[in-house]
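So you can see what is in the structure, the chains are spelled out below.
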Amino acid sequence: MPLQPHILVVDDDEAVRAVITACAAKAGYRIDQAEDAAGLRAWLDHGGIDLILLDVNLPDGDGMALARETRAKHDVGIIMVTERGAPDDRALGLEIGADDYLPKPVYPRELLARIKNVLDRRAGPRAGGNPHRHSFAGWTLDSAERVVADAQGCALELTPAEFDLLSILVARAGRMQSRDQLMESLGSAETEAGPRSIDILISRLRKKLADDLIETCRGHGYRFTAKVTKG
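Below, the structure is looked at part by part. (Residues numbered from 1 in each chain as written. Predicted model: local features only at pLDDT ≥ 70, side-chain atom pairs only at ≥ 80, totals over all residues. Heavy atoms only, no water.)

## Brief notes about the overall build of the chain
For the chain, the helix and strand inventory stands at eight helices and 14 strands. Every one of the 231 residues in the chain was classed for burial, and the buried ones make up 48%. Long-range pairs, those at least 24 residues apart, make up 57% of the contacts in the chain with a sequence separation of at least 6. By element, 50% of the accessible surface of the chain is carried by carbon and sulfur atoms, the whole surface being about 11,400 Å². (Helix = DSSP H or I, 4+ residues; strand = E, 2+ residues; numbered from the N terminus. Buried < 20%, exposed > 50% of the residue type's maximum accessible area, 1.4 Å probe, protein only. Contact = heavy atoms within 4.5 Å. Areas by Shrake-Rupley, 256 points an atom, 1.4 Å probe, with all protein chains shown as cover.)

## Some details on the nonpolar core
If you look at the biggest cluster of nonpolar residues, it comprises 26 residues, and the most contacted ones within it are Phe 136, Leu 165, Leu 166, Ile 214 and Phe 224. Among the elements that take part in this core, helix H6 (residues 160-171) stands out by supplying seven residues, more than any other. With residues near it in sequence (within four places) discarded, Phe 224 still touches Phe 136, Leu 166, Leu 169, Val 170, Ala 173, Gly 174, Leu 213 and Ile 214. Counting 20 residues, the second-largest nonpolar core is a separate cluster that includes Ala 34, Ala 37, Met 64 and Ile 78. (Core = buried A, V, L, I, M, F, W, Y, C linked by side-chain atoms within 4.5 Å.)

## Focus: the pairing of strand S1 (residues 6-10)
The buried fraction of S1 amounts to five of the five residues, a majority that puts the element mostly inside the structure. A two-sided burial pattern is seen for S1, the buried positions comprising His 6, Leu 8 and Val 10 on one face and Ile 7 and Val 9 on the other. Examined bridge by bridge, S1 and strand S2 (residues 30-34) share five bridges and lie parallel to one another. If you follow Val 9 over to S2, its bridge partner there is Gln 33. What joins S1 to S2 is helix H1 (residues 14-26), and the crossover it makes is right-handed. Both S1 and strand S3 (residues 51-54) contribute to a ladder of four bridges, which runs parallel. (Pairing = 2+ DSSP bridges. Right-handed = clockwise from strand over helix to strand, strands pointing away.)

## Quick notes on helix H5 (residues 108-122)
For H5, which comprises 15 residues, the first-to-last C-alpha distance of 21 Å matches the rise-based estimate of 21 Å (1.5 Å per residue) to within 8%. Residues of H5 that are buried: Leu 111, Ile 115, Val 118, Leu 119 and Arg 122. With its buried residues spanning 95° around the axis, H5 presents them on a single face. Elements that come into contact with the buried residues of H5 comprise S1, H1, S3, helix H3 (63-73), strand S6 (77-82) and strand S7 (100-103). (Expected span 1.5 Å × (residues − 1). Arc of directions from axis to C-beta.)

## A short note on unusual backbone geometry
Cis rather than trans, the peptide bond between Lys 104 and Pro 105 has omega equal to 0°. Along the chain, the position of Pro 105 falls in the loop between S7 and H5. You will see that Ala 137, though not glycine, has its phi angle at about 45°, which is positive. As for its position among the elements, Ala 137 is in the loop between strand S8 (133-136) and strand S9 (139-142). Judged by relative accessible area, which is 52%, Ala 137 ranks as exposed. For Arg 146, which is not glycine, the phi dihedral falls at a positive 55°. You can see Arg 146 is positioned in the loop between S9 and strand S10 (147-149).

Have a look at this one:
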């Protein structure tokens, strides 16, 4: 199953983050949150973000400056979400590289329309690349073709459950996932043996890829540590 676009909402207002997260998640997008500039940079370092919903006023940085910084370093969509809705503010946001500018309060229908428009535009010729392809540590995972290949294009032999688990880990790179979370997401017959089945699949993946790509969070679960890029 192809990975859904990954959206990061960056806002210091917890209520705003909750509304946007609920709306985008209900529409089927993968969504995570950051409350400040430091959180935004940490997510960008991990890679795999397709679109940022960025507030202008953050406790540790100016959103306009952050948008300019982000555009210079990362190929990612940016929608400014802010109470500063004056024409000059909107023009500045677009001039520094934002794809769109959405004033608060945020209305779900308008938000989803703008998200879709930006993602659709970036999936076209300007963005380029394959939206189903994710690269990490010399490997390429194509979720549409269900193939993992090395730098020479040689396909890695994986069982369906191994591929599905790797896809989940890649999509959530940098985030700790408990065994229960992975079992629920995997939903495979191979997980009927319980949490131990996840450990077995992880062990197989480590042997076929590299030990250091999947970190064990003792007593909690696993984390995919490689930086992931899309396209």
